[in-house]
Structures are given as C-alpha cells and as structure tokens.
There are 2 protein chains.
Amino acid sequence: MILLFLLSGNSKAQNIVNKEPKATWIWYPGDYEIWLANRMQNRRTDRGTFFPIFWKMDSHYPLMEFQKAFYLENPEKIQIAVEGQYNVKLDGKLAEGSPTEMNIGKGSHILSIKVFNQANVPSIFVKGKTIVSDSSWLLTFEDKEWIDASGKVSDKSGTVYMKADYWNFDTPTELPSQFHLPTKPAYAKSREEKNHSLLLDFGKETFGFLKLCGLKGSGKVNIYYGESKEEALSADSCETLDRLSIHSNTKLDSVMKLSKAFRYVNIRWDKNLSLDSANMLYEYSNVKQRGSFRCSDTLINKIWNVAAYTLHLNTREFFIDGIKRDRWIWSGDAYQSYLMNYYLFFDSPTVERTIFALRGKDPVTSHINTIMDYTFYWFLSIHDFYQYTGNKRIIEQLYPRMKTLMDFCLSRRDKNGFMEGLPGDWIFIDWADGLSKKGAVSFEQLLFCRSLETMANCAKLLNDAVDAEMYSQLAATLKQKIFSVYWSPKYHALVHSAIDGQPTDVVNKYANMFALFFGYLSPQEKQDVKKYVLLNNKIPKITTPYMQFYELESLCDLGEQKYVLQQIKDYWGGMLKLGATTFWEQYDPTQKGAAIYSMYARPFGKSLCHAWGASPIYLLGKYYLGIKPIAPGYSKYLIQPSLGGLKWMEGTVPTPKGQIYLYCNETEMKVDASDGEGVLEFTSKKKPICQEGKIISKGNNNYEMEIVKGVNYKVFYQSR
Amino acid sequence: MILLFLLSGNSKAQNIVNKEPKATWIWYPGDYEIWLANRMQNRRTDRGTFFPIFWKMDSHYPLMEFQKAFYLENPEKIQIAVEGQYNVKLDGKLAEGSPTEMNIGKGSHILSIKVFNQANVPSIFVKGKTIVSDSSWLLTFEDKEWIDASGKVSDKSGTVYMKADYWNFDTPTELPSQFHLPTKPAYAKSREEKNHSLLLDFGKETFGFLKLCGLKGSGKVNIYYGESKEEALSADSCETLDRLSIHSNTKLDSVMKLSKAFRYVNIRWDKNLSLDSANMLYEYSNVKQRGSFRCSDTLINKIWNVAAYTLHLNTREFFIDGIKRDRWIWSGDAYQSYLMNYYLFFDSPTVERTIFALRGKDPVTSHINTIMDYTFYWFLSIHDFYQYTGNKRIIEQLYPRMKTLMDFCLSRRDKNGFMEGLPGDWIFIDWADGLSKKGAVSFEQLLFCRSLETMANCAKLLNDAVDAEMYSQLAATLKQKIFSVYWSPKYHALVHSAIDGQPTDVVNKYANMFALFFGYLSPQEKQDVKKYVLLNNKIPKITTPYMQFYELESLCDLGEQKYVLQQIKDYWGGMLKLGATTFWEQYDPTQKGAAIYSMYARPFGKSLCHAWGASPIYLLGKYYLGIKPIAPGYSKYLIQPSLGGLKWMEGTVPTPKGQIYLYCNETEMKVDASDGEGVLEFTSKKKPICQEGKIISKGNNNYEMEIVKGVNYKVFYQSR
C-alpha cells in the first residue's frame, strides 16, 4: 500500500530539503484529535453533573518515535521542543540527556526523537535552517529496533511508519496540549434585577463562560442557563446550571469553569451575598466566513444568516451536534456540518479533526457513536472531503482504519449479506415516532452500499487495485440485492425493511430519497419515487431538520427548487416566527407553547442551536447558486444556477485556493472565479450573449460556457 | 463464554452482599498494570538519557463505567472516592455533581459510577456497611446506553462487562496513581575519598536513590554508578550516571530523581563545591520471603541465598530482567521469575501484574516484546499460574486477549503450519553465537504447540468446548508435524530448523530439552536426547543462566540431580568466585579480567543482577525438595525428595494458604504441610517406618505415603 512508508532503520535517504520550510508541531495521525475530543466531549454537563459519552473513548499512543532522513548541504543548528519525556538520536547515536538544540554536520543523516507522554500527546517541534518538523516526518509507535548480544541492530524491519499529522501550532511555545478556543467579552442586551436575583438576556443564543463581577459576602450562588426564557426561569428543569459557594470580605470576580450555551441566564444568590453585575466571555472558533448568499427574498436572507450563525456556534474544536447538548461529536450530524462548511467556512482542518476523532482507534468494538448509519456517514465523509478539498492525505492516513472499520461491518452481515441491528447496534435513521428498526432496514443497506463504493474509490486513489476490485464487487452485489429485495412495483418505491428476507409493506422517505441522490434509480424509478413518495402526502412527514437536509436535497436533485424554496421559508421561517435566533434540533409546526422546547421526556431537552438546523447554507449554495466540484478540490466544477422563484440572488462559494462568485437574475448572470476550470450550465428562452466567453448551445434551450479563472463574465439571457 | 458478564442496564439483580466486606480500589482488568508498567519501564536511562522500550506502549481506557447490582436489607450510607472526573447514577438516575457520599434505601439497586481520567487510570473506592468496591463490580469501557427521543433507554444491550481488577489499595486515601515502592536508608560499607571525589562501596549489589548530603557552593557534580568497581571508575563507559548543577550558599541534601542499580558509586564534583557525605534510599518490593532452603553444602546454601537476593532485587512493581538494564518487563525473563517466585515469595499479585502488563491491549501488532518465543512463554505462564495458585480469575479476565494473541500467531503460519520469523519478528531463543534464526526453527514450533495446548486447557477450564476442541486439534496436528519434520533418526534428536520444509543438519540443546520436559518424547527418544544431546560434549554449550534453567530442569527430569548439583556449584559457584554478590545475565567461565563485564559491544553492558540468574531457587525447590502441585493451587501435590549427593537438606515451599516443610537426610525425613493433600514418593533400600502415616510399597524399593495437613511426619528409611 502506498500509504505505509517502510524505512529501514539503517538506510540513508537522500531527501533534499526545501528552502525556507515552515516548522510546526507534529504528532501521530489522529492522536491529537482523539485526545482533544476526549477533553472537549467531557465538558458536557447535565444540571451540574459530568455527562460523558457512552461509546469507547480511545487514547493517543503514549510512546512515539519521530524520524526524518535528510541530506544537509551545510551544517546547521536545530532547536528542539517536545511535549513529553524524550531522547534524540542522530544516525543511531543517542545524545546525552534531552537536548533542546543540536548541531548537525553536512551530509546524509537520520534524526529520530522518541517521546513518552501518558497525559498529553507526544509531539515535537524542530526548527533549523532547512530541517523542520512537518508532515514529511515518519512516525511509529513501535520501532522494533532491538540489538543482539554483539550490539548489532535488527535488520529485518517490519515497522510501519506513518506520515506526521499537524495543525497550526507553528511556534515552539504554542504547545498543542495548551490549546483552547479564543474568547472575547460580551454583554447582555437587557437585564431584569430583583431581590438577590438577576435575569440576563443576551439577545440571541450564545456560548461561553459566564462571569460574575463584584461578588462579596458569604453564601451560595445558583446560576440557571436557558436557551429560552422559560428554561432559565425553571430552576428545577433547566438543562444546565452552575452552583458556587462564595466566602469573601472583598469584592471578587468569578468566571465559570465550563462554557455553556444560553440566551438567558438566571442568577440567584443568598441574602448574605451581593453581586454587582454579570457578563460573559464569548468562546468561538476563529474560522473565517468565506461563503455568502443574498437574494431578493428577505426571509431567505434571514434564514441564511441565522443558519450561518448556528453553524458557527457548532463549529468548535470539532463539529458538534448542539452547543447546549450533547456537545458531542456525532458522525451523522458532523457529516452535514462538513457539507455546510464547504459552502460557508471551507475550513478543512475542522473537518479532518472531526473525522479522525470519530474514528478513534482499533480495535473496532462498536459502530461509530454506537450507530450503524453513523459508521456509514463516516465513510461517505472521506470521499466528500477529497471531492471538495482535493486533499488526498486524509485518505492515505486513514485507509488502514477505514479497512478495519469496514471489516467490522462485513463481519456483521446476515445470511442475505445485509446488516441488521445486532445487540448494541443503534439503528438511528431519524427521530421519528413508530419507525421500526427491526430486521434489515433498506436505508442502512443503501448507506452500506455507498460506503463500499467509497472504499473502492479510495482504494483506487491509493492505487490498490486488489482492494478496489474487492470493494467494487461487494458494492455491486449488495446493490443488486437491495433492489431485488426492497423495490416494490406495487408501491413504486423501496420498502422500509425486510424481516427474514421478506420485504415489509412500509414505505417512507428515507431509503427512497437516498437512493435518488445516490444515483441508484433509473429515470422511471426516479419519477415514481418523486410522485409516490416525496410528493405524496400519505407518506409520513419528516420533522427534523436533519432529514429535511436529504429530503430537500433529493427534491433539488429533481429540479424542484421552487417547491424547496417554499419549504425552507415555511419550515425555517416557522422557527424564526417562534423567536428562534439559531435553528433547532427538531421543529414540529403543530406544537405550541412551552411544548416546543421539550424532547427526550424533559421539558427543555430540545437543543435550540443544532448544527443540522443549518442546512439552507448547503442547499442554497449547491442547488440555487448551483456550484459544486466535479473533480477533486474544484479543479473542475459546475455552475448550474437555479433561481427557484427568486428575483435575483448572488453569492460566493469558497474553494481550496479561492472562490467562485455568482450573481443571477432572470436576464443576467455574472460569474467570477479565482480557482479551477468551470462550466456554467443554464437554460435560456432566447439566444444568450456573453462577450467574455463562448457559449455553446446544447439544444432544447440548454447552453453551456467554459469559465476561466480571473475573468469577469456577464451573460445576458432569458430564464423564462 | 462464562467470563463475559452480560447484564442488561435495566435488570435488577438480587445479589445478597456478604457481611463485613472489604473495600478496595478497583479498575478495569489490566489497565492499572499497563499504566504502571509504562511508568516503570520509562525509568531506564542510558548514561543519563531516557531509554524507552521499542514495542507498542498501550494505555488504560480513559472513560470507564463501574457498576454494581445489589439488594439492601437496610438503608445505608456509602462513601465514594474516585481518581478522575465522575458522575454517580443510582437506579438510572444521575446524582447532581460528583457526590462523595450517598444514602441508599432498602431494596434492589443498581449503582453506577462513570469516570474519565486521561492521565491516570479511572478507579474508584466505595465503602458502605455492606456495599464496597471489590472484584464483584462489573466494568465496561462502552456502556452503549443511548436514549431515544422519548427518553427511553436502549433495550438490546451488546455491552460486555468485565469483573473489576484490584491490588491492595484498601483505604480511600491510598490513591493507585500515587503508588511507589517503599524505601529505607542504607549506607556504604566503605568509602575512598580524594580531592573532590568520593568512591562508595555498598558491599553488595543494591538498588535505590543516591542521596548527596551537605552540598554547598557552585558547580557540577558527576555521579558514575557501577555494578563493578571498574564500571564506577569508568566515567566514559559506565552504563548509568547522574549529572547535577548546584548553586547554593547553604548546605543542601539532594536525592536523585531516578533509582539506579549499583554496588559502587563514584562521585566527582567541581572545586567550587563541597560535599559532606553520601548514602542511599534502598528501594524494594515488600514481598515476603516464604520459601527457604538449607543443606549440608555451604556453597549451595550461599548460592541459594545470593539467588534469593537476586530475585528480590528484580521483583519490583513487576518482574524485570535486570536492575541496571533493561529494567523492562521481558516475557521470557519474567516467565522464569514466576517459577522461582512460586518457590520463594509466592507473591501472586506480582505475577498477575506482570502477565497483564506484558499482554497490553488489542490490536496485536507485534509479538510480546517483539519476540516470538516470548509470546509463547506468555501463554505458558498463565497455565502455570493456575497450577500453582489455583486462581482461575486471571484466565477469565485474560481469555479474550489470549484468543486475539493466538489469532495473531495463527495468522502468521507458513504453508507447513509452522511459524517462521517474519519481518519485525525477533527469534531470540538465547544469547548464543552463530545460532541460526532462519527458516522454521523447531524450538519455536515446540513452544507454539505448548501454547496451543495451553489455550485448549484454558478453554476447557472456562467450559468453552468449541474452543477447547479447536485448539486441541491445532496442537495435535502441529505436534505430529514437528516430529515428522524435525526428528532425525540419524542424530537421535530434533534438528534445529527447517528451510523450505527441509530439515537442517544442526543439532543443539534448545528444542530437545523443551521436548523432553514438555513430555513430548517417548522413553526411547528421552534416553536418546539425554545421551546424544544433553550429555554430549560435541553439542554447543549453553552459557546463559537463562537457558541453563531449562537444561538443568530437563536433566533433573531425567533424575540427574547429582550431575545437576555439580553443575550448579561449578556455574553459579564460578560467579561467586569472581566476586558476584548477585547472579549475572551471562557467565562464560573461559572469560577473564574486565572482559567478564562486557556485552552488547559495551565494556559494562552486562547486567550483574539478572533475574534469570536466580534459577537455583526453582531447581532446588522443585527437584531436590521435590515439591510441586499436581492439582491447581496445591490442592494436590507431590513430594519426591532427591538429595542429589547432599548429606541433608531442609526447606519450605509456600502454597496458596500455607506451606510444605521437608527435612531429608539419607535415613530420615520430616514432613509437615499446612495445606492441600500430598503424596510423598521415595525409594528405600529397607522397609521404611512412619508412625504418623501409612506407607504403601509400590514394589522395586519404591514407596508412597499420603500427607495430611497439620500432621508432623517422621519417616525412617534408607536412601542407599
């Protein structure tokens, strides 16, 4: 396999080091991500009580060897910083102690640094004129370099080296273990003060550390947080709280240890205490908002902005589900955040970190997050990542762990080759009443099939023809089986499940919409699914933004942008009407009053700032602006604008090295791209004109035009 | 499998808790052992430089659920101490915060405590009147207890619970993470002081922290440690050293941070410094010496005592190879320490800890210590442990990890079913010049076969008939194959190896002596091996005490106690003549002068206090006193005294609950056992007499007598 770098301990590689290289802290692939995820996910509390995840938490390797072979034209001095106990070996010779700098002579060398760190991740920072710690270093958790009684080193190495992983810790003092998100002070928009109590309203959903100022006296302070005013006022039922004991004769300020999600804060203190004021430290990820969208519909604009804020709040060390709860990394939730991110921040490191953290380590003892569908979304996310970013490194780094996770799946197939829920497997699909999880659920098989296709694609990318062929075969066989078992001519659709190989009579949207945008349906089946399932009022409605994501995506795929636009206005607009300042975990338009906040049998169980609520960002970017990569990393891309009933729209979609701008109304389009080779596809009732480019007619009112980067295009046409 | 305890999260077990139970700190099986081994093994230094192991270092699970189901007759209050961040759930309901005590009402309950600890091992201590943390608690690293949108808990659990592991931390303040071995002050026997230098001689090999007293001034102190005087005086080549920088106007004492092995210490300091004196803190494991041996030969008595001291020094947090180096846990070395331990300390916890630490965690990526033979010794050690201690718990706890390690082995067989050294595999066998490791080595196949038999035995013990049958079959097939390929009628022995299935012409002792005491040889083959291999001067001599262990064991098995006694006196006595105060890693009687200290191409590379040098303890206990268990935990045992040329001998062999005492001269024997059911077997030229027991004649001068515990037997007989 090309991703495993074998290096004999004695060989002298002759790598010429680049000029002016950048040094950065490096570590074993995934180790820092796993460690940071452990730290972050353990910050969830339930009414003051530690509330950790319920699946396996992995650890970094506590002992690590870092190695670099290089050739020096001139002697140089290197600086060495390490997180952990360490030694340094140059050309097999141990330096005394743990040197922080070293002189290296001209010629070929192998430098290796071995680090132990149980509590934090073994990581190093090396900086010389040409020798720097970067992704070219090779790492192993078992170098297997024994010596025999004569002092001779082992010569038949079986050691597997991986390339180093890194983020943006680019100076020796920025220790990875000390990382925390930035904060800035923020203040309430309004306050209601009573005897020994203070109710703050920050005007919109926010996140951070509450700060109490000028506390004095003796007694207890109880702080109740609320995403709604009702929640903050419910001392008995609010989901998060803090309790302090204060004993101070002089005024002091107190910043809470754990960040919380809230719009309202209800602070109550004992009568022997006094408090001057309270504010907060807003905690955020400093990802840049690179995507934009504006259009003729002010409600859509508001929805886009609130969605962007919702996604930003949930974009932290990792993509999390919700900021109040669970504050965990859920693969199915994160999968949607990745896709939205490609149209908003295009922050690849957050995607990479999340993918690594979700996968954890071998052995695989459970589905990701215990959920079968979430295992499959994880596979899909890797292929998407490559398509959007063009960065193959994560596939190289993760392929061994992709294989072992797929082995886990393959080992759990039933006699029909399907994956049913075994004890300990959560078949999630969606929050929906009465959804059966029994037998072999068609939705899961579709995702399984897509995952196998992803494995085949990744194997091909890594030039592993044997694996590619094996996974392709498995996928093809499974797809054939899925349609032979689940496709119902009677219902013109895939049925929901099969018990003992026999299809049930239940039809719902899940499997059908995925089959549709996976491209698994024939044109006739597509039209059948549209008519008999997606636009059929007798089929159960989807009530979570989570599955709305895919439902609306499949309708967009069918060209129903106009219908979808109205859906977005109704559904997301419905939340805004109820005062939402961020989008919710679930929204049922039929619910009224305080019931809208309840979930999981708890009055304020529902998260009011949930990443999966932000899908309009993705839909508007991909299916209205219509911009998407068709070759890895936007090296080739497509623009298929669709106003969907809007008078005009304009927006920017970020790409790895730049952006693609589009303005579009019913008669004019402007395109300006700084990256890749694009094709603009559109229909026009009259012959379109563009001075800057050559428009080719495809017949039947269809046209296309090549987009060259750096050119400002103006296209005059007639959309209807 | 009976060792995996499945418990539904909702079930209410009705366990009646014992009266007056003992609380102790508990953790997940192996996790503390792995963590402690990481800490201990990283204390090795090479001339002041950190020198870690070269195989994979595993970690504890950072997140752990502890669970106990019980029934309370009366309400009680429990005290809770935890290492880590935690929550407490009673009957599924979370208590607020992290309570340190809790009142529990009458009735059935499930108490669970969930703990996160990245740096140290999640562990708990719970103490109530009847509810205590002990080995009956169930633990899991993934409870998989999700809830659905209605708040309902998952009902189809696939969670695997293991029983808790523990040691002897029996009070809430004895935190497992704070454990360290005890120390006591010790002083040099002699000292040579010169200008700014001091050479201390502690009279014999010792271990601990050097302490410098009354340091004052400014400058450097260099401390060179030596197991020999030559080593301490060799500033350039001694294996361990410390360097200090002192800047102090007042006198101060300084204790070295890392313990060292030494007899001599050479302290040199700058002229602007002064030093009053130096002594040490002797660091030791407080295992009790329960076995004893004394006989008519003073050299043998001295050898036994020096061996006991050697083993004690190498018995620490774990059984290590040597106290100077490597200070690591090596499976082949530890395997011998276990066997010696059964005749000296009978300290089961040290054996258990070492076995757990060696195994580490899944996935298996290498042989134990990277050495194929060492993987096999690990399997063998588990069966021995059960035989000597009668404690089946370790098999229950480790069986899943035994299986995955054996899967690793089985997956690496060649087309003949043999295990050859693949890249990264170290075929160790012994330190011996010119020993070929090519092809399929017969010695490794014998150990492999014995390991498969061990798997079959353990599976039987756990009532896993399917596994037992599978492993028995694999072992039988392999044994047949070994003899068909390696047994040479020409050499009357097993040959050393086979290349491409063809046996080589090399004969040495290794495979043959193991085949012998494994009981794999027919009576004729046994005699052949004795004559043509073991007592054949043309066969290469064994020069390590390591393999002498097995050579002398196989000769004792053949009844050659007299010959072996002389070997012990020559070989171990030879080391004593050279001034040894503990036994060495290697001893070649032909070496003279300083050469005796060199190894690994380093002048003082050889360890002069090596656990595998202590084998006389085992040989004298098992083959002279002749005491060994024949049913698990000495429930049944055999005494077959063999003077081997001694006039008299007496000794004590420890058992799980007591001891077996034997005195024996040529005409009289005394036996006194406090445990188990024994049989005394002996030969006598005349009819023996014993008032306390009934002697049965087996014919041909052979007799046996049943030994009942608590009776003082006196047997009068005639040994020749």
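Quantities reported herein were computed from a predicted structural model and do not represent experimental measurements.

**Q** Can you lay out the domain arrangement of chain A for me, pointing to particular residues and giving the numbers?
**A** Residue and element names in this part refer to chain A. According to the domain assignment, chain A contains domain 1 (26–178), domain 2 (183–283), domain 3 (292–622) and domain 4 (630–716). Contact with domain 2, which involves 19 residues of that partner, is made by 20 residues of domain 3. Interface area, domain 2 with domain 3, both sides summed: about 1600 Å², of which 55% is carbon and sulfur. Ranking the residues of domain 2 by area buried against domain 3 places Glu205, Glu227 and Glu239 at the top, with a combined share of 35%. Applying the counting criterion to the domain 2 and domain 3 interface returns 8 residue pairs in polar contact (both at pLDDT 80 or more). The set of elements that each furnish at least two residues to the side of domain 2 that touches domain 3 consists of strand S16 (197–226), helix H2 (229–233), strand S18 (260–269) and strand S20 (277–283). Across the side of domain 2 that touches domain 3, the residue classes tally to 4 nonpolar, 6 polar and 9 charged.

**Q** Tell me what's going on with the interface of chain B and chain A, and back it up with residues and numbers.
**A** Each side of the interface is counted separately: chain B has 64 residues, and chain A has 64 residues. A salt bridge links B:Arg243 to A:Glu96, with the nearest nitrogen and oxygen atoms 2.3 Å apart. The interface formed by chain B and chain A contains 24 residue pairs in polar contact (both at pLDDT 80 or more). Elements with a minimum of two residues in the side of chain B that touches chain A: helix H1 (31–41), strand S3 (49–50), strand S6 (85–90), strand S9 (107–116) and strand S17 (240–255) of chain B. No other element matches S6(B), which puts 3 residues into the side of chain B that touches chain A. Of the residues that constitute the side of chain B that touches chain A, the class distribution is 29 nonpolar, 19 polar and 16 charged.

**Q** Please set out the packing of helix H12 (residues 545–557) of chain B against helix H13 (residues 561–577) of chain B residue by residue, giving values where relevant.
**A** Residues and elements named next belong to chain B. Relative orientation of the contacting elements H12 and H13 amounts to 160°, with a least axis distance of 9 Å. Here H12 lies roughly antiparallel to H13, going by the angle between them. The crossing of H12 and H13 is left-handed. Counted together, Pro545, Gln548, Leu552, Leu555 and Cys556 of H12 and Gln561, Tyr563, Val564, Gln567, Ile568, Tyr571, Trp572 and Met575 of H13 form the full contact between these two elements. Broken down by class, the residue content of the contact of H12 with H13 amounts to 10 nonpolar, 3 polar and no charged.

**Q** How would you sum up the environment of A:Thr240? Please name residues and give values.
**A** Residue and element names in this part refer to chain A. For threonine 240, the location among the structural elements is in the loop between H2 and strand S17 (241–255). A sequence separation of 58 residues divides threonine 240 from threonine 298, and the C-alpha atoms of the two residues are 35 Å apart. Discounting residues that sit within four places of it in the chain, threonine 240 has contacts with Thr45, Arg47, Ile223, Tyr224, Tyr225 and Lys260.

How each quantity is defined
Residues numbered from 1 in each chain as written. Chains lettered and ligands numbered in written order. Predicted model: local features only at pLDDT ≥ 70, side-chain atom pairs only at ≥ 80, totals over all residues. Heavy atoms only, no water. Domains from an automatic or database assignment. Contact = heavy atoms within 4.5 Å. Buried area = accessible area lost by both parts, 1.4 Å probe. Polar contact = N/O pair within 3.5 Å; in protein donor to acceptor, adjacent residues only side chain to side chain. Helix = DSSP H or I, 4+ residues; strand = E, 2+ residues; numbered from the N terminus. Nonpolar A, V, L, I, M, F, W, Y, C, P; charged D, E, K, R; others polar. Salt bridge = Lys/Arg side-chain N within 4 Å of Asp/Glu carboxyl O. Axes fitted to C-alpha atoms, helices over the stretch in contact; angles between N-to-C directions. Parallel < 35°, antiparallel > 145°, perpendicular 65-115°, else oblique. Left-handed = near helix turned anticlockwise from the far one by under 90°.

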